[in-house]
Amino acid sequence: MNNLNTVDVVPEKISLAGLALFIYIAALPLSIAKAGTASIYRYVILVVIAIFLLDYFIHKNRYYIYKRKVAPFTLYFFYTGLSVMWSVTFSGATNIFFGMLLIYCVYLFATSRVYSQKELTLVNIAWILASVVIIYLTIFNRVESGYERYTASFMGGTEDKNQIAGYYFMPLLICLNGASKNKKLYLPSCILLVGMIYSIMLAGSRGGLLSISLTIIVYYFFYSEANRKNKIVSKVLSACLICVVLLLILYFIMPFIAETSIERFSLHAILDDGGSGRLENWAKLLNIYSKSTLRIIFGFGPNGTANYLDVGYAHNQIIQVLFDGGIIGLVLFGWFVVSSFKYAYKYNNRLAAFAFVGMFVLSMTITAYTAYKVYWNIIIMMSILHNDKSLLS
């Protein structure tokens, strides 16, 4: 590989690397589908890594090494592997680490390549396609997941109903950004946004609805794209689009949502059930964690909560990382996330940065292990480099 200053800027065409990234994102719904004990998406990732390898051998001059960007994930990855040795659930820990190994390989290749604008457009299309499939699966191929709540089902697998919203952050912002610049995209964007909200309501995910709402707010108030001369007009158009979507939901979607699901979104329901028992589980885990100095520092290893909770996971990414990796793991993970967010601004990947704001909020109610690929894929999107010489200096 080269260093960042000597990397070639790619021509405006679709390369093998661009195709690999398209496949990687578009195939996200296959993370739900099962092939034995693993998801089909795991095999897709192996194919994607093979394509990246082929592209690397053909175009080595288009890859670069930026040690400061790669270092945080590298250290967190190796520390996670080391922590398997003292994990309280060895088999579960090794499976999680293998999933992280695949993510790490994709991360290294995907973020070490300069992409053309055509390739980035293709990747945006991949996000849209993935969201359309998830919406379809949640609405038309759904399965009940307790108390008239529904989730996506696909080829023998089902998604956690609280994780459905995570598939929508990137396509949501792509739609808002596109519609604010091109009026022709208004209608398809409205349809897609309504589908997203409807599927989240069907899932009865309070964290999902909150995180999607905050993502829209962050985009509306803080995002300024290249079209800065028409910034006010762009925001007004985006606001109009959001209002239209809300009206469509109010009059055409809400009547089809079960009353028990609607009641879940009330403040009384949230306070009454303690976040579906999450508050009680968090307190229990923190109490167990605080009893051993070694565990405070090094944690219980990947999948450490499985031995202490009936639900298996902490349903809070910060608590999960702290419990699994201790203070060391949390610091390394935090460094990785913060540095990725920083590079998103440096490389003008702000849509991905704002998408991660929504994902971060959602992750306060779920555990984003590597099986939940969309979490890590948004981090990858924050770190990719555009075909722009000014960004390479």
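Residues numbered from 1 in each chain as written. Predicted model: local features only at pLDDT ≥ 70, side-chain atom pairs only at ≥ 80, totals over all residues. Heavy atoms only, no water.

### Examining the overall build of the protein
And step 1. A tally of helices and strands in the protein yields 16 helices and nine strands.
And step 2. Going through the 393 residues of the protein one by one, you find that 55% of them count as buried.
And step 3. In the protein, once contacts between residues fewer than 6 apart in sequence are set aside, the share between residues at least 24 apart is 78%. (Helix = DSSP H or I, 4+ residues; strand = E, 2+ residues; numbered from the N terminus. Buried < 20%, exposed > 50% of the residue type's maximum accessible area, 1.4 Å probe, protein only. Contact = heavy atoms within 4.5 Å.)

### Points about the environment of Ile296
And step 1. On the secondary structure map, Ile296 appears in helix H13 (residues 293-298).
And step 2. Judged by its relative accessible area of 24%, Ile296 is partly exposed.
And step 3. In the structure, Ile296 is positioned 31 residues away from Ile327 in sequence and 6.3 Å away in space, judged by C-alpha atoms.
And step 4. Apart from residues no more than four positions distant in its own chain, Ile296 is found in contact with Tyr289, Ser290, Gly326 and Ile327.

### Thoughts on the pairing of strand S7 (residues 150-154)
And step 1. The buried fraction of S7 is high, at four of five residues.
And step 2. Where strand S6 (residues 142-144) meets S7, three bridges bridge the pair, whose relative direction is antiparallel. Paired with Arg142 across the bridge in S7 is Ala152.
And step 3. Counting the residues in the hairpin turn of S7 and strand S8 (residues 157-158) gives two residues, including Met155, whose phi is positive at 50°. (Pairing = 2+ DSSP bridges.)

### Comments concerning the side chain of Thr151
And step 1. One can find Thr151 in strand S7.
And step 2. Note on Thr151: relative accessible area 2%, which makes it buried.
And step 3. Within the local environment of Thr151, its side chain forms a polar contact with the backbone oxygen of Glu159, the two atoms lying 2.5 Å apart. (Polar contact = N/O pair within 3.5 Å; in protein donor to acceptor, adjacent residues only side chain to side chain.)

### Description of the packing of helix H12 (residues 278-289) against helix H14 (residues 317-346)
And step 1. Interaxial distance between H12 and H14 falls to 10 Å at its minimum, and their mutual angle equals 10°. Judged by the inter-axis angle, H12 sits roughly parallel to H14. Touching Trp282, Leu285, Leu286, Ile288 and Tyr289 of H12 are Ile319, Leu322, Phe323, Gly326 and Ile327, all from H14. (Axes fitted to C-alpha atoms, helices over the stretch in contact; angles between N-to-C directions. Parallel < 35°, antiparallel > 145°, perpendicular 65-115°, else oblique.)

### Topic: unusual backbone geometry
And step 1. Even without being a glycine, Met155 presents a positive backbone phi close to 50°.
And step 2. Tracing the backbone shows Met155 in the loop between S7 and S8.
And step 3. We note that Asn303 has phi near 65°; this positive angle belongs to a residue other than glycine.
And step 4. As for its placement among the helices and strands, Asn303 is situated in the loop between H13 and H14.

### Some details on the packing of helix H5 (residues 117-140) against helix H6 (residues 169-181)
For any two helices packed against each other, the geometry is given by the interaxial angle and the distance between the axes.
And step 1. Where H5 meets H6, the axes come as close as 9 Å, and the angle between the chain directions of the two elements is 120°. Crossing hand, H5 versus H6: left-handed. For the pair H5 and H6, the contacting residues are Asn124, Trp127, Ile128 and Ser131 in the first and Met170, Pro171, Ile174 and Cys175 in the second.
And step 2. Considered class by class, the residues forming the contact of H5 with H6 number six nonpolar, two polar and no charged. (Left-handed = near helix turned anticlockwise from the far one by under 90°. Nonpolar A, V, L, I, M, F, W, Y, C, P; charged D, E, K, R; others polar.)

### Focus: the nonpolar core
And step 1. Judged by nonpolar contacts, the single largest core of 92 residues is most densely connected at Tyr24, Trp127, Tyr375 and Trp376.
And step 2. Sort the elements by how many residues they give to this core and H5 lands first, with nine residues.
And step 3. Tyr24 has contacts with Tyr41, Ile45, Val48, Ile103, Val106, Asn377 and Ile380, leaving out every residue within four places of it along the chain.
And step 4. Residues Tyr289, Phe300, Leu322 and Phe323 belong to the second largest nonpolar core, which totals 10 residues. (Core = buried A, V, L, I, M, F, W, Y, C linked by side-chain atoms within 4.5 Å.)

### Focus: H5
And step 1. When the terminal C-alpha atoms of H5 are compared, their 34 Å separation across 24 residues agrees well with the 34 Å that a helix rising 1.5 Å per residue should span.
And step 2. What H5 keeps buried is the set Glu119, Leu120, Val123, Ala126, Trp127, Ala130, Ser131, Ile134, Ile135, Leu137, Thr138 and Ile139. (Expected span 1.5 Å × (residues − 1).)

### Considerations on the side chain of Arg278
And step 1. Tracing the chain through its elements places Arg278 in helix H12.
And step 2. Despite its burial, Arg278 pairs with no opposite charge; the closest candidate is Asp160, at 6.1 Å N-O.
And step 3. Beyond its immediate chain neighbours, meaning those up to four positions away, Arg278 contacts Asn162, His315 and Thr365. (Lys, Arg positive; Asp, Glu negative; His and termini not counted. Salt bridge = Lys/Arg side-chain N within 4 Å of Asp/Glu carboxyl O.)

### What to know about a nonpolar patch on the surface
And step 1. On the surface, Leu210, Leu214, Ile217, Phe221 and Phe222 cluster together into a nonpolar patch covering about 510 Å² of accessible area.
And step 2. Mapping Leu210 onto the fold places it in helix H8 (residues 206-222).
And step 3. By relative accessible area, which is 48% here, Leu210 ends up partly exposed. (Patch = residues over 30% accessible without salt bridge, like charges linked within 9 Å, V, L, I, M, F, W, Y side chains within 5 Å. Areas by Shrake-Rupley, 256 points an atom, 1.4 Å probe, with all protein chains shown as cover.)

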